[in-house]
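Examination of the molecular architecture
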Amino acid sequence: MSNEDGRQDAEQKDMASKAHANVHQDETDAAQGTTKLKIFRGDGEGGKEVEYELPAVEGMVVLDAVLYIQAHQAGDLAVRWNCKAAHCGSCSAEINGKPKLLCKSRVEEYEGQEIHVHPLRAFPVIKDLVSDVSWNYETSRSITPFTTDEQAPFIMYEEDVERLYEPKKCIECFMCQDVCHVLRTHHKHPEFAGPRFFTRMQWLEMHPKDTESRLRGLKEEHGLGYCNITKCCSEVCPVDIHITDNSIIPLKERVADEYYDPAKWLMRKIRGRRSPKTGEIIGRNGNRNGG
Amino acid sequence: MRRGLHGANRLGGNSLTDLLVFGRRAGEGAAEYVKSNGYSTEIDSSQLETEKRRVLEPLERQDGENPYMLQQQVQEAMMEHANLMRNEESLQEGLEKILEVKERVPNVKAQGSTLFNPGWHASQDIRYLTQISEIILRTALERKERRGAQWRLDYDGPSDELGKINFIVKKDEQGEIDIERREISPMPEHLSRLFDEGEGHGGEEEGKESQF
Ligand code: SF4
Ligand code: SF4
Ligand code: FES
């Protein structure tokens, strides 16, 4: 930063350890030495790691450090964040190659290690720590939303509702999408919706008042079969959704039951498909109006 | 605003629901209005150029203020002086701090390009942050009463006279803040029926301190 009239200099000194973020004066007094971060700087065309040094503050999270660097050393450093409370899912990026919420990862956790901060890798990079996750929103739109013929408020059994709490916790950080090898390594973006959306479809499929079936979509356009149950997605989920056990496996079972059960297959050939939810005959191609 | 749907309580959670409902309605209404009026969307190109230059200036300037530091000064001044509990002296002090930042805003400097550049965004935001802070402080000074979240330590309670008034903030000819006092139209009968007068309005005669 330039400072021609000295005011800025003094000011900067004054605020030297008060990050734009959470690092305040009183905390700075507790600053012990410095800490270093290596941050990816670049865009879709490429880039490189740049090392930054800043005052170490007890309890500081990686997002605080990044915002400190942004306020004092690299004003144009791109990072996405909103809540600083692990609730909005905006600040997901990779620390030492693993997807993390920057606002939930303490610098101290990495004591004795270098800290490398990079953007999510399964999606195109826009700049620095920000990648373009818009593919996820398109995928989301391709899922048949909640459909019902009843009027809310609904009366439902408590045990049915309880099953919906877990998938509903999702904060759309897309870290499960980032870590899943089907997207990260094999780039099956167009044919594979990814763990986040299996979670969403599980919620929809298990909702007692939803009348649609998404099993055919899961098997065909959303590529549920590509998942080979490695559980990497469940491991990184910041809200502890057991994505593989409680979303993916039940959906796989339903799809298998619907499409690979020979007795059912024969019945479908003869009489058309029955809705797995309502039992109503909905046509051979899963089309409600027959077909 | 003196009170919205949630009375004089203007705390975050309530205003969020307000903005979701009324913000959406306002947006839809505005879009509808533009469509039905057939207003020309032609814009004087010299105005566009001026605006473009203003927006790009922070990137082109050689030297200048760090927008993040100005932002932080605004945040600190507002935390200290425009909190729930306030009085004339402290509000005035806050206003002076904000006006001092306001003077420095035209000289902000951002580094880098126009691509996803938070420093450049901050150098635009700071202009609006100081503006809205000035509005909050000036209207709080003007409202010489204790009402809801305006917990003026130098007044004992709400004033009946101010209870009938909304402040409407506009730009005057110099682009500065102009506060108009506008009488509130009486509450429609179907709504006022829902309120027990004592709870809904408060007022000196009831000796109530707030409408939480
Ligand atoms: S369990 Fe399936 S969805 Fe989850 S990471 Fe592994 S392959 Fe991907
Ligand atoms: S399921 Fe978990 S990891 Fe995946 S997007 Fe939702 S919160 Fe993030
Ligand atoms: S900033 Fe919201 S989750 Fe990290």
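Residues numbered from 1 in each chain as written. Chains lettered and ligands numbered in written order. Predicted model: local features only at pLDDT ≥ 70, side-chain atom pairs only at ≥ 80, totals over all residues. Heavy atoms only, no water.

The number of helices and strands found in chain A is 12 helices and 9 strands. Looking at the 291 residues of chain A, the share that counts as buried comes to 48%. Sequence-distant contacts, at least 24 apart, represent 59% of the contacts inside chain A between residues at least 6 apart. Per element, the accessible surface of chain A, about 14,600 Å² overall, is 49% carbon and sulfur. (Helix = DSSP H or I, 4+ residues; strand = E, 2+ residues; numbered from the N terminus. Buried < 20%, exposed > 50% of the residue type's maximum accessible area, 1.4 Å probe, protein only. Contact = heavy atoms within 4.5 Å. Areas by Shrake-Rupley, 256 points an atom, 1.4 Å probe, with all protein chains shown as cover.)

Let us now look at the site of ligand 1. Cys 180, His 181, Pro 195, Cys 227, Asn 228, Ile 229, Thr 230, Lys 231, Cys 232, Cys 233, Thr 244 and Ile 248 of chain A make up every residue found near ligand 1. Here the residues of the shell around ligand 1 are counted per class, giving 7 nonpolar, 4 polar and 1 charged. (Near = heavy atom within 4 Å. Nonpolar A, V, L, I, M, F, W, Y, C, P; charged D, E, K, R; others polar.)

The next thing to look at is a negative patch on the surface. Residue and element names in this part refer to chain A. The grouping of Glu 58, Glu 108, Glu 109 and Glu 111 at the surface amounts to a negative patch. The residue Glu 58 is located in the loop between strand 2 (46-55) and helix 3 (62-72) in this model. Given a relative accessible area of 56%, Glu 58 falls into the exposed group. (Patch = residues over 30% accessible without salt bridge, like charges linked within 9 Å, V, L, I, M, F, W, Y side chains within 5 Å. Salt bridge = Lys/Arg side-chain N within 4 Å of Asp/Glu carboxyl O. Lys, Arg positive; Asp, Glu negative; His and termini not counted. Charge placed at Lys NZ, Arg CZ, Asp CG, Glu CD.)

The next subject is the confidence of the model for chain A. For chain A, per-residue confidence averages 87 on the pLDDT scale, and 82% of positions sit at 70 or higher. Note that pLDDT drops below 50 for residues 1-27 of chain A; the model gives that stretch 63 contacts with residues more than four away or on any other chain. (pLDDT = per-residue confidence, 0-100.)

Here we come to the domain arrangement of chain B. Many descriptions give the size of an interface as the accessible area lost when the pieces come together. When cut into domains, chain B gives domain 1 (1-36) and domain 2 (52-164). Once you take the C-alpha centre of each, domain 1 of chain B and domain 2 of chain B turn out to be 22 Å apart. (Domains from an automatic or database assignment.)

Taken together, Cys 170, Ile 171, Glu 172, Cys 173, Phe 174, Cys 176, Arg 196, Cys 237, Pro 238, Val 239, Ile 241 and Ile 243 of chain A make up the full set of residues near ligand 2. Of the residues belonging to the shell around ligand 2, the class tally is 10 nonpolar, no polar and 2 charged.

Attention shifts here to the packing of aromatic side chains. Taken as a whole and judged by the stated rule, the model has 7 aromatic pairs over all chains. Aromatic pair Tyr 137 of chain A and Phe 174 of chain A: ring centres 5.6 Å apart, planes at 75°, arrangement edge-to-face. With Tyr 137 of chain A in helix 4 (residues 134-141) and Phe 174 of chain A in the loop between helix 5 (158-168) and helix 6 (175-179), this pair connects stretches of sequence that are 37 residues apart. On the basis of relative accessible area, Tyr 137 of chain A is assigned to the partly exposed category, the value being 38%. Between Phe 192 of chain A and Tyr 226 of chain A, the aromatic rings sit 6.2 Å apart at their centres with planes inclined by 85°, giving edge-to-face as the arrangement. Within this pair, whereas Phe 192 of chain A is found in the loop between helix 7 (181-184) and helix 8 (195-206), its partner Tyr 226 of chain A is found in the loop between helix 9 (215-219) and helix 10 (232-236), the two being separated by 34 residues in sequence. Sitting above the plane of the Trp 203 of chain A ring, Lys 168 of chain A keeps its charged end 4.2 Å from the centroid. The side chain of Arg 146 of chain B reaches across the aromatic face of Trp 151 of chain B, ending 4.2 Å from its centre. (Phe/Tyr/Trp six-rings, centres within 6.5 Å; stacked < 30°, edge-to-face > 60°. Lys NZ or Arg CZ within 6 Å of the ring centre and 35° of its normal.)

All names here are of chain A. Examined bridge by bridge, strand 1 (residues 34-43) and strand 2 share 10 bridges and lie antiparallel to one another. When the sheet's bridge partners are listed, Ile 39 is paired in strand 2 with Val 50. Between strand 1 and strand 2, which pair antiparallel and follow one another directly, the connecting turn spans 2 residues. By the bridge criterion, 2 bridges tie strand 1 to strand 5 (residues 116-118) in an arrangement that is parallel. What sits directly across from Ile 39, in strand 5, is Val 117. (Pairing = 2+ DSSP bridges.)

Residue and element names in this part refer to chain A. Assigned domains of chain A: these are domain 1 (3-131) and domain 2 (134-260). Between domain 1 and domain 2, the residue contacts involve 15 residues of the former and 14 residues of the latter. When domain 1 packs against domain 2, the two sides together hide about 1,100 Å² of surface, and 59% of this comes from carbon and sulfur. The largest share of the area that domain 1 buries against domain 2 comes from Pro 99, Ala 122 and Phe 123, three residues that together contribute 47% of it. At the boundary of domain 1 with domain 2, the tally comes to 1 salt bridge. (Buried area = accessible area lost by both parts, 1.4 Å probe.)

The next thing to look at is a nonpolar patch on the surface. All names here are of chain B. Together, Leu 16, Leu 19, Leu 20, Val 21 and Phe 22 make up a nonpolar patch on the protein surface, roughly 470 Å² of accessible area in all. Relative to the helices and strands, Val 21 resides in helix 1 (residues 12-37). For Val 21, a relative accessible area of 40% translates into the label partly exposed.

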